[in-house]
Amino acid sequence: DVKVTQSSRYLVKRTGEKVFLECVQDMDHENMFWYRQDPGLGLRLIYFSYDVKMKEKGDIPEGYSVSREKKERFSLILESASTNQTSMYLCASKGGNQPQHFGDGTRLSIL
Amino acid sequence: EDQVTQSPEALRLQEGESSSLNCSYTVSGLRGLFWYRQDPGKGPEFLFTLYSAGEEKEKERLKATLTKKESFLHITAPKPEDSATYLCAVQVNNNNDMRFGAGTRLTVKP
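**Student:** Explanation requested: the pairing of strand β5 (residues 45–50) of chain B in the structure shown.
**Tutor:** Along any regular strand the residues' side chains alternate between the sheet's two faces. Direction of pairing for strand β4 (residues 30–38) of chain B relative to β5 of chain B: antiparallel, over a ladder of five bridges. Counted as the bridge partner of Arg 37 of chain B is Glu 45 of chain B from β5 of chain B.

**Student:** Quick question: what am I supposed to make of the layout of surface pockets here?
**Tutor:** Any empty space left between the atoms is revealed when a probe the size of a water molecule rolls over them. For the largest pocket, the calculated volume is near 640 Å³. Lining the largest pocket are 26 residues, with Gln 37, Pro 39 and Gly 40 of chain A together with Thr 85 and Ala 102 of chain B positioned closest to its centre. When contributions to the lining of the largest pocket are tallied by element, the ones reaching two or more residues are β4 (31–38) and β9 (87–94) of chain A together with β1 (3–7), β9 (84–92) and β11 (104–109) of chain B. Residues that form the lining of the largest pocket fall into these classes: seven nonpolar, 13 polar and six charged. In this structure, the second largest pocket encloses a volume near 410 Å³. What lines the second largest pocket is a set of 22 residues, among which Val 2, Phe 102, Gly 103 and Asp 104 of chain A together with Pro 44 of chain B lie closest to the centre.

**Student:** Help me out: how do you make sense of the sheet that holds strand β1 (residues 4–6) of chain A in this one?
**Tutor:** Hydrogen bonds along the backbone pair up the strands of a sheet, which may run parallel or antiparallel. Residues and elements named next belong to chain A. With antiparallel pairing, four strands are arranged side by side in an open sheet as β1-β3-β8-β7. In this open sheet, the two strands that pair with only one neighbour each are β1 and β7 (64–70). The average undirected angle you get between the axes of adjacent strands in this sheet is 20°. Across three bridges, β1 lies against strand β3 (residues 19–25) in antiparallel orientation. Looking at β3, one finds that Thr 5 is bridged to Val 24.

Criteria and thresholds
- Residues numbered from 1 in each chain as written.
- Chains lettered and ligands numbered in written order.
- Predicted model: local features only at pLDDT ≥ 70, side-chain atom pairs only at ≥ 80, totals over all residues.
- Heavy atoms only, no water.
- Pairing = 2+ DSSP bridges.
- Helix = DSSP H or I, 4+ residues; strand = E, 2+ residues; numbered from the N terminus.
- 1 Å grid on protein atoms, 1.4 Å probe; cavity = no way out; pocket = protein on both sides within 12 Å on 5 of 7 lines; lining within 4 Å.
- Points joined across faces, edges and corners; volume = space filled by probe spheres on them.
- Nonpolar A, V, L, I, M, F, W, Y, C, P; charged D, E, K, R; others polar.
- Axes fitted to C-alpha atoms, helices over the stretch in contact; angles between N-to-C directions.

Set out below in structure tokens:
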């Protein structure tokens, strides 16, 4: 079974802080994704990566950046956290033509 | 613009009362339609992939069908443990672009 692990289930930070969300997958998948999930809006893609050091913007990249230095790890960075970034963040990985597999999410609160 | 719309937003059923969830889409170049189940506090769990109109997939009490404009997730004789949010997503054109619907929150009462 594919395992996607997100480092924190819950996180509370203050506005203006730099925030790091980490995601690790154990299936040697090429593709990794970061989404945010808000009530009534569904999942929205922030960034994805199709290889080490490669990244592509999704639908809502503003205020976020990503890092993929190793194939198994994909990090989401909030450069200067704001209250409108309070959300559930989901990481996913995907190999070849397989479906995306998700981690259990990080519920981030920005105060 | 690619869009995915799920209905109803919420559905309450009695145990054993069969029903269907709808996912309608307007996309260019559909490459696959996916159903996921999401329990509270968890990430989405993959259920089915459908690729072409007329295709059907089944798993226990769930059956997914696909037409050119929509997909249905039929739930036969549901049990309380089927309570969850069901998400529909479409993969369009390139291999990494997925569009998700907002989900249907299903509650099955004993």
